[in-house]
Amino acid sequence: MKACPICGAMHPDEQAVCHCGADLSRVPPVPARPAAPMPQGPPAALGYGPPPPFVARPMGGPGWPPLARREYSWTDILTILGFSAALAGYFWAGVLLLPLGLVASIIGFRGPNRRGLAVAGIVVSAIGVLLKVMMMLNEAGLLPYWFTDGILFS
Ligand SMILES: [Zn+2]
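The structure displayed is predicted, hence computed values, not measured ones. (Residues numbered from 1 in each chain as written. Predicted model: local features only at pLDDT ≥ 70, side-chain atom pairs only at ≥ 80, totals over all residues. Heavy atoms only, no water.)

Asks: How would you explain the overall build of the protein if you had to name every residue and give the values?
Replies: Counting its regular elements, the protein contains 4 helices and 2 strands. For the protein, the N- to C-terminal ordering of α and β elements is β-β-α-α-α-α. Going through the 154 residues of the protein one by one, you find that 19% of them count as buried. Long-range pairs, those at least 24 residues apart, make up 42% of the contacts in the protein between residues at least 6 apart in sequence. With the model as given, the accessible surface of the protein reaches about 12100 Å², and the carbon-plus-sulfur share is 70%. (Helix = DSSP H or I, 4+ residues; strand = E, 2+ residues; numbered from the N terminus. Buried < 20%, exposed > 50% of the residue type's maximum accessible area, 1.4 Å probe, protein only. Contact = heavy atoms within 4.5 Å. Areas by Shrake-Rupley, 256 points an atom, 1.4 Å probe, with all protein chains shown as cover.)

Asks: Give me the side chain of His11: which residues, what numbers.
Replies: With respect to the helices and strands, the residue His11 is situated in strand β2 (residues 10-11). By relative accessible area, His11 is classed as buried at 4%. Here the side chain of His11 touches Gln15 through a polar contact of 3.5 Å, side chain to side chain. Filtering out sequence-adjacent residues up to four positions away, His11 remains in contact with Met1, Lys2, Cys4, Cys18, His19 and Leu24. (Polar contact = N/O pair within 3.5 Å; in protein donor to acceptor, adjacent residues only side chain to side chain.)

Asks: Can you tell me about the coordination of the zinc ion, naming the residues and giving the values?
Replies: At the metal site, the zinc ion is ligated by Cys4 (SG), Cys7 (SG), Cys18 (SG) and Cys20 (SG), and these contacts range over 2.2 to 2.4 Å. Within one chain, the residues donating to the zinc ion are spaced in sequence as C-x2-C-x10-C-x1-C. (Donors = N, O, S within 2.8 Å, 3.2 Å for Na, K, Ca; no water.)

The following block contains the structure:
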């Protein structure tokens, strides 16, 4: 084979003139690139044998990623304790439990988990503290009548 120097068309060695008119007589022949032989025969003869057998590794052995454990941090514990204390403070020892629940819930909120429960604890304990303070002031007679009275009843 030889390639035309003008148009690049391939021609047999014996062809003297290209269809474009170029003289091919002095063009050196280019060895035709032999087509890559298609692999023949069974896969084992081609160098890639049967796939390696699947070997099950034991669970938790080497190579396994560490199990994702749900870790309880101090903020989680404080969140749960804070919410529980806030609820309990409505029934018993509100003066002690409600501020405790508020503080614990605020600290628990700064942790990464259980934000919703921490917010619930903050809201419940804050309302409880407010109500408790109001009741204490009312019982002590420190609230003015215009504050404690409603519209219909006085
Ligand atoms: Zn040509």
